[in-house]
Amino acid sequence: MVQYDSARLDASFAAISDATRRGVLAQLGRGDASISDLAEKFHMTVTGMKKHVGVLENAGLVTTEKIGRVRTCRLGPRRLEEEMAWLEAYRQLWAARFDELDDVLEELKRKETADGRKRER
Amino acid sequence: MDANVKGESTPMKNPTTVERKSEREVVVTRTFDCPARLVFQAWTTAELFRRWWVPKSAGLNLISCEMDVRVGGGYRLVFRIDASNTMAFFGKYLDVTPHSRLVWTNEEGGEGGPITTVTFEEKEGKTLLVMSELHPSKEALDASIGSTDGMGETFDQLDELLVTLGAA
């Protein structure tokens, strides 16, 4: 369903092999943040954090957007794939429920028809 | 109507669609080939509801299902997870409009849980069902997408996805 090319997987793997970058992903999972927020949280320079964010961005794990003088980071398209997988699983759960509901309804319909016939004398 | 000769010759099922309608809302749609009053009955009668709410493939055991279907009335579903653990889902009905609309809260996660709205719209003997789950915030819906409770199948799939990612 979702396809991954190997170059991108290498990039992802490299991106998450670093503890700081994993921390940044976890942090962004809780909410968007600017590069300087992240730098402060992880006790490093803005330049150092920019590098880490760049690696995450190349792997498609993070996207950034510059608004005014602030560059805001958020979880990237990979997160969307996760969401798509969740929606698909959610759909399958409901489809399974509704298929069983069809059987219940079929039975109610039959019963109603039978009762209707009885009432027709 | 005819008995199926083989499992795979099951008549075509109506499709179920799911859409993230907004940052806070997920919507499920499905048509049923019968009048709205029957669909409504199957959603509001505990003995009928428990027959379809837990699909066999989910492998969950629903041990009790209580529904007091009226505005302000409560519902409570209890599942057995394993020999020593059960899990309850509960909340109360905010709107009960026979054959057309049901609204309830989901309070197992504390206050401010999602609100579920189900509408039943009959047209030419068929019923269009639209179920919306509205979360209090984008963060709440995102968290439910990322969380691990209540949806075994979901997370098996996510696990698979993550294995695919990690295996390269």
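Starting afresh in each chain, residues are numbered from 1 along the sequence in its written order. As a convention, the first chain written is A and the first ligand written is 1, with the rest following in written order. The predicted nature of this model means local features are confined to residues of pLDDT at least 70 and side-chain atom pairs, given and counted, to a pLDDT of 80 or more, with totals for whole chains, interfaces and linings taken over all residues.

Helical segments are the DSSP runs of H or I of at least four residues, strand segments are the runs of E of at least two, and each set is numbered from the N terminus. A tally of regular secondary structure across chain B gives 4 helices and 8 strands. Exposed residues have 12 or fewer other C-beta atoms within 10 Å of their own C-beta, buried residues have 20 or more, and partly exposed residues fall in between, where C-beta atoms are placed from the backbone. Among the 168 residues that make up chain B, the fraction classed as buried is 16%. Taking all contacts inside chain B whose residues are at least 6 apart in sequence as the whole, residues at least 24 apart take part in 32%. We call two residues in contact when their backbone-placed C-beta atoms lie within 7 Å.

Once that is clear, we can look at the sheet that holds strand β1 (residues 33-34) of chain A. Residue and element names in this part refer to chain A. Two strands qualify as a pair provided DSSP detects at least 2 bridges between them. What the 3 strands build is an open sheet, ordered β1-β3-β2; its pairing is antiparallel. Taken across any chain shown, the strands that pair with only one partner, and hence form the sheet edges, are β1 and β2 (62-67). Here 6 bridges tie β2 to strand β3 (residues 70-75), and the two strands are oriented antiparallel to one another. Directly across from Val62, in β3, lies its bridge partner Leu75. Angles run from 0 to 180 degrees between N-to-C directions of axes, and those axes are lines fitted to C-alpha atoms, restricted for helices to the stretch in contact. The sheet contacts of helix α2 (residues 19-30) involve β1, β2 and β3, and relative to β3 the element is tilted by about 90°. Together, β2 and β3 form the strand contacts of helix α4 (residues 46-58), whose direction differs from that of β2 by roughly 120°.

With that settled, the discussion passes to the confidence of the model for chain B. All names here are of chain B. In the predicted model, chain B carries a mean pLDDT of 82, and 78% of its residues have values of at least 70. Here residues 1-9 scores under 50 on pLDDT; set against residues more than four positions off or in separate chains, the count is 2 contacts. By definition, pLDDT measures how confident the predictor is in each residue, and it falls between 0 and 100. For residues 148-159, every residue scores under 50 in pLDDT, and the model assigns this stretch 19 contacts once sequence neighbours within four places are set aside. Scored as a whole, the predicted complex attains pTM 0.65, and scored at its interfaces, ipTM 0.77.

This next bit is on the environment of A:Arg71. Residue and element names in this part refer to chain A. Summarising the element assignment, Arg71 is placed in strand β3. Residue classification places Arg71 among the partly exposed residues on the basis of 16 C-beta atoms within 10 Å. For the pair Arg71 and Ser36, spaced 35 residues apart in the sequence, the C-alpha separation amounts to 8.4 Å. In contact with Arg71, not counting residues within four places along its chain, are Ser34, Ile35, Thr64 and Lys66.

All names here are of chain A. Considering every residue of chain A, the mean pLDDT works out to 83; 85% of them sit at 70 or more. The least confident element of chain A is helix α1 (residues 6-15), whose mean pLDDT is 65; the most confident is helix α3 (residues 35-41), at 95. Predicted confidence for residues 1-5 stays below pLDDT 50, and this span has 5 contacts to residues more than four positions away or in other chains.

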